[in-house]
Amino acid sequence: MPGRPEHADSEEQQDELTVGSFTSPAICLQFPATADLPQAHSLVLRYMQYMLGYVDYPDKPTDLLRHRFPSKVGGVPAWLDPLNLPTAQQLTCSVTGQTMRFLLQVYCPVDDNPIDAFHRMIFLFISPRGDELHQRGAVRALRCQLPRANPFYGDSPAPASQKAPQPLQVCCSRSEQHHLGPAGLC
């Protein structure tokens, strides 16, 4: 029946059946390609559980610095990788041509990929024109991830007594300049 969720038994069947897939912690619904999307959306709303979060002030302002891997709303980004920052083009709204505004960042390491994404942060930027947010290119999510062994952070969390991240140092032991982080890696 069109619009009725179906469960796929195999990956091939899943690719063939799924036009949209909506997941919540309690239920996963998949809809056939012939599904009526408004009807499918109403089914999702009926079964979906919502998780409501709120913003709270940090215990200390230093909790929002990059070495604490903060999830936060507003202010300025606490870049996970302080050397490989987004370009001006990546931070420019493709609708208005203006610099996008930082909305939030979420620290979200990946459990099933601890080698390449031991640290992972998602940054969300939006157009400065709220009336354009529905346009393609007015909202942008950027991902940064680092392996456990990286030049910026040690293997264990920074001690509470460490108020700021370790300063980046320039190492001159090679002919070209490169950065040396607290882990002692070049």
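Quick caveat, the model's predicted, so the values are computed rather than measured.

K.L.:
Please set out the environment of Leu-168 residue by residue, giving values where relevant.
P.N.:
Positionally, Leu-168 belongs in the loop between strand 6 (139-146) and strand 7 (169-171). Exposure remark for Leu-168: the relative accessible area of 32% places this residue in the partly exposed category.

K.L.:
Hey, could you go over the pattern of salt bridges for me, with residue numbers and the actual values?
P.N.:
Taken as a whole and assessed by the stated rule, the structure comprises three salt bridges. With a shortest N-O distance of 3.8 Å, Lys-60 and Asp-63 are connected by a salt bridge. Among the residues examined, Lys-60 registers a relative accessible area of 37% and is labelled partly exposed. Taking the relative accessible area as the measure of exposure, Asp-63 reaches 21% and is therefore partly exposed. Among the ionic pairs, Arg-129 bridges to Glu-132, the shortest N-O distance being 3.5 Å.

K.L.:
Help me get a handle on the layout of surface pockets, residues and values and all.
P.N.:
For the largest pocket, the calculated volume is near 220 Å³. Along the wall of the largest pocket there are 17 residues; nearest its centre are Tyr-153, Gly-154, Ser-156, Pro-157 and Ala-158. Looking at the lining of the largest pocket residue by residue, the classes come out as eight nonpolar, six polar and three charged. Each pocket or cavity is described by its volume, and for the second largest pocket that value is around 190 Å³. Along its surface, the second largest pocket is lined by Trp-79, Leu-80, Asp-81, Asn-84, Leu-85, Pro-86, Gln-90, Phe-123, Leu-142, Arg-143, Cys-144 and Gln-145. Sort the elements by how many residues they give to the lining of the second largest pocket and strand 6 lands first, with four residues.

K.L.:
Break down the side chain of Gln-105 for me, with residues and values.
P.N.:
Mapping Gln-105 onto the fold places it in strand 4 (residues 101-107). For Gln-105, a relative accessible area of 1% gives the class buried. A polar atom in the side chain of Gln-105 sits 3.0 Å from the backbone oxygen of Pro-70. Engagement of the side chain of Gln-105 in a polar contact is seen with the backbone nitrogen of Ala-78, the distance being 2.9 Å. With sequence-adjacent residues up to four places away left out, Gln-105 is seen in contact with Pro-70, Ser-71, Lys-72, Pro-77, Ala-78, Met-121, Ile-122 and Phe-123.

What counts, and at which threshold
- Residues numbered from 1 in each chain as written.
- Predicted model: local features only at pLDDT ≥ 70, side-chain atom pairs only at ≥ 80, totals over all residues.
- Heavy atoms only, no water.
- Helix = DSSP H or I, 4+ residues; strand = E, 2+ residues; numbered from the N terminus.
- Buried < 20%, exposed > 50% of the residue type's maximum accessible area, 1.4 Å probe, protein only.
- Salt bridge = Lys/Arg side-chain N within 4 Å of Asp/Glu carboxyl O.
- 1 Å grid on protein atoms, 1.4 Å probe; cavity = no way out; pocket = protein on both sides within 12 Å on 5 of 7 lines; lining within 4 Å.
- Points joined across faces, edges and corners; volume = space filled by probe spheres on them.
- Nonpolar A, V, L, I, M, F, W, Y, C, P; charged D, E, K, R; others polar.
- Polar contact = N/O pair within 3.5 Å; in protein donor to acceptor, adjacent residues only side chain to side chain.
- Contact = heavy atoms within 4.5 Å.

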